[in-house]
Amino acid sequence: MHKVAVMNLTKYPARINRQTSTFNSAADPRKMRRIIAEDPEWSLAVVPLLANLCLQNIVKNFKEKPIFDELLPGHKAFVLEKLSTSLSLSVTANLISDEAYWKRCCESRWGLSDVSEYGHSWKRMLFERHLENIIELFIPDVTDPKSVLDVVPQCRNYVRRLKISQLLPPIREPPKFEEDDSSDSASDMGHEGPSMDHFDFSILLDKLTNLEELQLVYGVKGCGMNFEWNLFEFTFRDCESLAKALKSCKSLKVLRIQQSKVDDDKCRVLVSSLLDHPSLLELDLSHNLIGDRGARAIGKLLGRSHLKRLAIYNNQIRGPGAQALSHALAKNPSLVALNLRLNRLADEGGQAVAQALLKNQNLVSLHLGANEMTEPTATAMANALVHNSTLRNLSLACNRLGVDGGKVLEEGMSHNSSLVECDIRLTDMSLENEYCIGQILRTNQSRACRRQTQDTGATQ
Amino acid sequence: METLRQETDEAGPSIGSENPDERIAARRLRIAARNEAKKRQELGSNSQEDTEIKEVRMSQKKVEQSEKRMAKLQADGTELVTNILVAADFRESKRRAEMEEARRLRIEKLENEAKSSLEKFEEITQKWTVAKAKQIPQDLRDALISQQILCGQLLEDKNKVIIELQQELKASDDRYVKDLKKHTEEVDLMIERLQEQIISLKKSYREELDLVESTFDEERRTLLADNRMKWEQQRQRQSDRELELLLQRMQQVEEHELQLQRLRLDNTKECNTIKAKLEMDVQILEQQLQKMKATCQLNQEKLEYNFQVLKKRDEENIITKSQQKRKITRMQDILNNLKTKCSNQEKQSREENQSLTDDYKRIMQQYKDMQRKMRHFAAVDAKRLEDVWLMNEAEAKALVRQALEIDRLIHEQQLGLAWTPPPLTVMEQPGPVQPRNRIQPSARQAAAQALVRREAPGEERELEEQTDGNTVEVPGGPESTGGRMDQKTVKRLLELLCDEMGFLIESKLLKLLSPLEKDERSLIKLDSIFSALAIESEEDVYKMADFFMKYKFQQKDQAEQHSSVSNQGETAEQKDSDLIHPNDVLRALRTFTALYCKPRDISSRQLSGIPELEGRDDSEDGACWESLATVVPEPKLKVWSTLEAALEKYHFVLTERSKLVNETQHLKQQNSELRMLLHQYLNSKVNTELAIPPTQVMKLDPE
């Protein structure tokens, strides 16, 4: 006990000394801090508020030390106003939700732009366009895939749509010079070298959990006089990786792959990956090289998905493909719009489609323009129109239906009351028939208007 | 309503719009407007309804017309624009068909060509074999030349095909370029058309809008005019009515003014009178008020004074109250102290009381003891006195008799005179104290007697006589008055008592008695019963028996009275009518004890012998003793003194003589002793040893 007490006693003086020393050191700056009372121009208004100073400091050092959520609402607004648009997205992405800031960012990057396309969200617009830019400028084997993946954690929550208008091929001397407009040979060439593979989507899509719409063009934009055929290759490997990526992306609703030389085999690969997809609603494979086998695969997809819109115009689908499609169409309960423009269905396919319309009860829009159809299709279609009451828009333009076909169609139309639009330009019909059909359409339109007003009135 | 409609039509989406959503919205608005209109119509008057509907229809029609027109315009425009697309499609499809056809033709041609060239080739190869077979050089040369020509033809054909294909390619290239050009043209055209379309649509929309606006304006104007007219009419009507009302009102006002004037006059009169009266009242009241004020002042002062006084008092009260309070507290303390003291005191006093009572009891006990002792001692004293008395008397009498005897002896022997005895009246007279030889026989003895009598009837008489003698001796005894009791009844009664009164005997005693004989047992039992009942004497026994007999007779009388009530008791009593019923013994005994025990106690106390002591008079005692002292007369005493003197002389002589006798006696004795000694010495053994034995000496002197 005594010992302890003595020790304590010995301890205290030391502590006291230390304290006094600290006091002395603290006393000095206190002396220095003085207000010069004689200054006549001094006023409190000149002195910036401490809060403002702090906020300015926060803005200045936002990159190193992002303090935002802890601030008061007023201070937040101040900080957002002052914050630089050139700050790296990794800092701001998940921290700032204010639209005004993102608007400033977007405008500083791309100038004026239409935000309505992006669901009126500047932030979404910024991240989507940012990611699109990165992917469009991605050069395989040159650009590091990490540069894409680095952006993902920031974009993930905001990217809903990717509209990729070009995909660059790797920079390498092409092994072979190819000058052939035949599609088959081009697709065959795709197998040859792995050098022509584009950006691999399988590393990206499974990470974008909110992605709903994907639009791809396997080709180069604005190549000008540097045109080479191999700039527009869609290799089999690309296809496989894309199929894998699509399978992993469960939130996808809209898929558009246009002008990418998708032939039957690739189409089958893609479709097989899309079978039983939980959310896909719209598929667009137009301006490709899909033939009958591809069409058959798409027909299978119709049976095993919830597709609402299908566009496969400007392909090479012929009669058998159309038969497969119409077979699927007859049973499909969900498809609303089908576009088969610029194919080669001919009468064989046209009749099949018309017969499918007899059974189908949900298709609203059907485009069969420029399909080399003739009179038999017109009769079949007239028969379908008599029985079908859901179809509203029909296009049969650029088919040589002929005068007789026009007559039959007019007769069929006279029994129809649901069709609102029917394109029958350049079908070699007589003007009389065209006029009659136009009249019927107009009455149908007014009737539909009335019905709609009644419906809305009833609901109101 | 119209303005609303205008708004919807002007600002809102039009029904004729291209966008279906917009159309829907427009229709919805229209329906809403219609519903609104309906509501208003219902609310509004019927007269206005028709006109409104008409007007609505006019504008509606106009709007619908314009909508239709615009829709048509738009459809035409879109058709115009899409025409290009369709044409392009058509061309494309046509081109494709042509291409297909061309390809087909080309392939056919190529196949034909291939076939022909194959034929040619086969021909050439055949010719080669032919040529090989040829031996003649000319022939061979010819053949070779022909072969060469054929090969050249074949090559030419091939070249031709190639050139053709190249031409086709070039043509298609040209065509592609042309197509491209055309496409650009078409795109330009389309853009142009679109722009035109936009411009025209804008223009027409504006026109339509203007038109619709103008119609609406017109409608509004007409409506306004109508409404204004109506308004004017209404206002006119209203103003007329107002005027009328005003006139009426003025008239009324005049009337009212007159009335008011009249009323005012009346009121002023009334008011004046009332005023005067009231003023009077006021004066009186003021006076009263003054008085009251004075009194009030007075009262106030008084009250103030009182208040002061009361204040003072209050203060005093407070002081006194505090004092009282203090006092109360003090008192309380004191009270508490006192209470404690009191309690202590009480306790002490109780203790004291207890001790005192104890003392008292003890003292009482002591007192009783003392009394008892005193009684005892009194009795003893009496007895002693009696004894002493008797003894002294006897002694005195003996002394007297001795003196008389001596006197007689003196007279007879010494004097030789005849002795005449003095009168001895004193001797014959009995003393004041008589020896008490009367002993009452105890109850036990009586009982024993009563019991024994049964066994020995012979002795009965004797005992009876004895008891008779005893009882007769006692003067005024209760038994003597009660007469003789039948001994048999007494005995039976005693036996009855012995049986019935067992509870009075101690249980221990009963145990002890069990081995004894019946008679003895009953005797002891009776003894204990008598001790319990405090019956001590025989007298009491007989008294009891007598009482019992009497009681029996009484009971009998009562029983006769109540014979009707209790038959059983009657029979039992009749059975032994001469004796008391065993059941009644206890009752009878109780009444007996209640009656006799108290008086007997008192009487016994009175008879305890104390009055004997008290009642004794000692007046005669002195005389008595005196008489005893004077038995011997004076002359006789003189005789005696002279005689004494003579006798003393005689006595002296006699004593001298006796002394001498004694001396001789003594000498005789000494002589015998000496003789004895001498004899002893002579007979001793030493004498034999001596030269001269004393015996011889003695022999010398044999005597």
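Being a predicted model, the structure only gives us computed values, none of them experimental. (Residues numbered from 1 in each chain as written. Chains lettered and ligands numbered in written order. Predicted model: local features only at pLDDT ≥ 70, side-chain atom pairs only at ≥ 80, totals over all residues. Heavy atoms only, no water.)

Engineer: How do you make sense of the interface of chain A and chain B when you look at a structure like this?
Structural biologist: Put simply, an interface is often sized by how much accessible area is lost when its parts join up. Between chain A and chain B, the contact holds 20 residues from the first and 20 residues from the second. For the chain A and chain B pair, buried surface summed over both sides reaches about 1,800 Å², with 55% attributable to carbon and sulfur atoms. The interface formed by chain A and chain B includes three salt bridges. Note that Arg344 of chain A and Glu100 of chain B form a salt bridge whose closest N and O atoms lie 2.5 Å from each other. (Contact = heavy atoms within 4.5 Å. Buried area = accessible area lost by both parts, 1.4 Å probe. Salt bridge = Lys/Arg side-chain N within 4 Å of Asp/Glu carboxyl O.)

Engineer: In this structure, what is going on with a positive patch on the surface? I would like to understand it.
Structural biologist: Side chains of Arg392, Arg447, Arg450 and Arg451 of chain A together with Lys68 of chain B sit close together on the surface and give a patch of like positive charge. Broken down by element, the residue count for the positive patch peaks at three residues, all from helix α17 (residues 431-459) of chain A. Examined against the element boundaries, Arg392 of chain A turns out to sit in the loop between α15 (375-387) and β8 (393-395). Accessibility expressed as a relative area gives 36% for Arg392 of chain A, which makes it partly exposed. (Patch = residues over 30% accessible without salt bridge, like charges linked within 9 Å, V, L, I, M, F, W, Y side chains within 5 Å. Areas by Shrake-Rupley, 256 points an atom, 1.4 Å probe, with all protein chains shown as cover. Lys, Arg positive; Asp, Glu negative; His and termini not counted. Charge placed at Lys NZ, Arg CZ, Asp CG, Glu CD. Helix = DSSP H or I, 4+ residues; strand = E, 2+ residues; numbered from the N terminus. Buried < 20%, exposed > 50% of the residue type's maximum accessible area, 1.4 Å probe, protein only.)

Engineer: Sorry if this is basic, but what is going on with the sheet that holds strand β2 (residues 213-216) of chain A here?
Structural biologist: Strand pairing in a sheet is mediated by backbone hydrogen bonds. Such pairs are either parallel or antiparallel. Residue and element names in this part refer to chain A. An order of β1-β2-β3-β4-β5-β6-β7-β8-β9 is seen for the nine strands of this open sheet, with the pairing classed as parallel. Each having just a single partner strand, β1 (161-163) and β9 (421-423) make up the two edges of the open sheet. Strand after strand, the sheet turns through a mean of 5° between neighbouring axes, direction not considered. Sheet analysis places strand β3 (residues 254-257) next to strand β4 (residues 282-284), joined by three bridges and oriented parallel. Within the sheet, the bridge partner assigned to Val254 lies in β4 and is Glu282. (Pairing = 2+ DSSP bridges. Axes fitted to C-alpha atoms, helices over the stretch in contact; angles between N-to-C directions.)

Engineer: Would you explain the packing of helix α9 (residues 487-500) of chain B against helix α11 (residues 518-533) of chain B in this entry?
Structural biologist: Working note: a packed helix pair is described by the angle between its axes plus the distance between those axes. Residue and element names in this part refer to chain B. The contact between α9 and α11 brings their axes to 9 Å, and the two run at 80°. Relative to α11, α9 is oriented roughly perpendicular. Where α9 approaches α11, its residues Leu494, Leu497 and Cys498 are matched on the opposing element by Ser522, Lys525, Leu526, Ile529 and Phe530. Residue classes in the contact of α9 with α11 are distributed as six nonpolar, one polar and one charged. (Parallel < 35°, antiparallel > 145°, perpendicular 65-115°, else oblique. Nonpolar A, V, L, I, M, F, W, Y, C, P; charged D, E, K, R; others polar.)

Engineer: How should the packing of aromatic side chains be read in this particular structure?
Structural biologist: For any pair of aromatic rings, the description consists of the separation of the ring centres together with the inter-plane angle of the planes. Residue and element names in this part refer to chain A. According to the stated counting rule, one finds eight aromatic pairs over all chains in the structure shown. These aromatic residues form a ring-pair network of at least three members: Tyr101, Trp102, Phe127 and Tyr158. Sitting above the plane of the Trp110 ring, Arg129 keeps its charged end 4.5 Å from the centroid. The ring of Tyr118 carries the charged tip of Arg161 above its face, separated from the ring centre by 5.2 Å. (Phe/Tyr/Trp six-rings, centres within 6.5 Å; stacked < 30°, edge-to-face > 60°. Lys NZ or Arg CZ within 6 Å of the ring centre and 35° of its normal.)

Engineer: How do you make sense of the nonpolar core when you look at a structure like this?
Structural biologist: Nonpolar side chains in soluble globular proteins generally cluster together in the buried interior. Phe62, Ile135, Leu162, Phe201, Leu310 and Leu409 of chain A are the most contacted members of the largest nonpolar core, which totals 111 residues. Apart from the residues within four sequence positions on either side, Phe62 of chain A is in contact with Ile67, Phe68, Val79, Leu83, Leu87, Val91, Thr92, Leu95 and Ile96 of chain A. The next biggest cluster of nonpolar side chains, apart from the first, holds 24 residues, and it includes Leu496, Phe530, Ile535 and Val541 of chain B. (Core = buried A, V, L, I, M, F, W, Y, C linked by side-chain atoms within 4.5 Å.)

Engineer: Any chance you could explain the pairing of β3 of chain A here in plain terms?
Structural biologist: A regular strand places its side chains so that they alternate between the two faces of the sheet. Residue and element names in this part refer to chain A. Of the two faces of β3, the one carrying Val254 and Arg256 and the one carrying Leu255 and Ile257 are both buried. Where β2 and β3 come together, four bridges link them in parallel fashion. From the neighbouring strand, Leu214 faces β3, where its bridge partner is Leu255. Traced from β2 through helix α10 (residues 236-248) to β3, the parallel crossover comes out right-handed. In this fold, β3 hands off to helix α11 (residues 264-274), which returns the chain to β4; that crossover is right-handed. (Right-handed = clockwise from strand over helix to strand, strands pointing away.)

Engineer: How do you make sense of helix α13 (residues 319-331) of chain A when you look at a structure like this?
Structural biologist: The terminal C-alpha atoms of α13 of chain A lie 19 Å apart, and with 13 residues this matches the ideal 18 Å at 1.5 Å per residue to within 8%. Looking at α13 of chain A, one finds that the buried residues are Gly319, Gly321, Ala322, Ala324, Leu325, Ser326, Ala328 and Leu329 of chain A. (Expected span 1.5 Å × (residues − 1).)

Engineer: What's the story with the side chain of Asp284 of chain A in this structure? I'm lost.
Structural biologist: Residue and element names in this part refer to chain A. Looking at where Asp284 falls in the secondary structure, it is placed in strand β4. Side chain to side chain, Asp284 and Gln258 meet in a polar contact 2.7 Å long. If near-sequence neighbours (up to four positions away) are discounted, Asp284 is found in contact with Leu255, Arg256, Ile257, Gln258 and Ala311. (Polar contact = N/O pair within 3.5 Å; in protein donor to acceptor, adjacent residues only side chain to side chain.)

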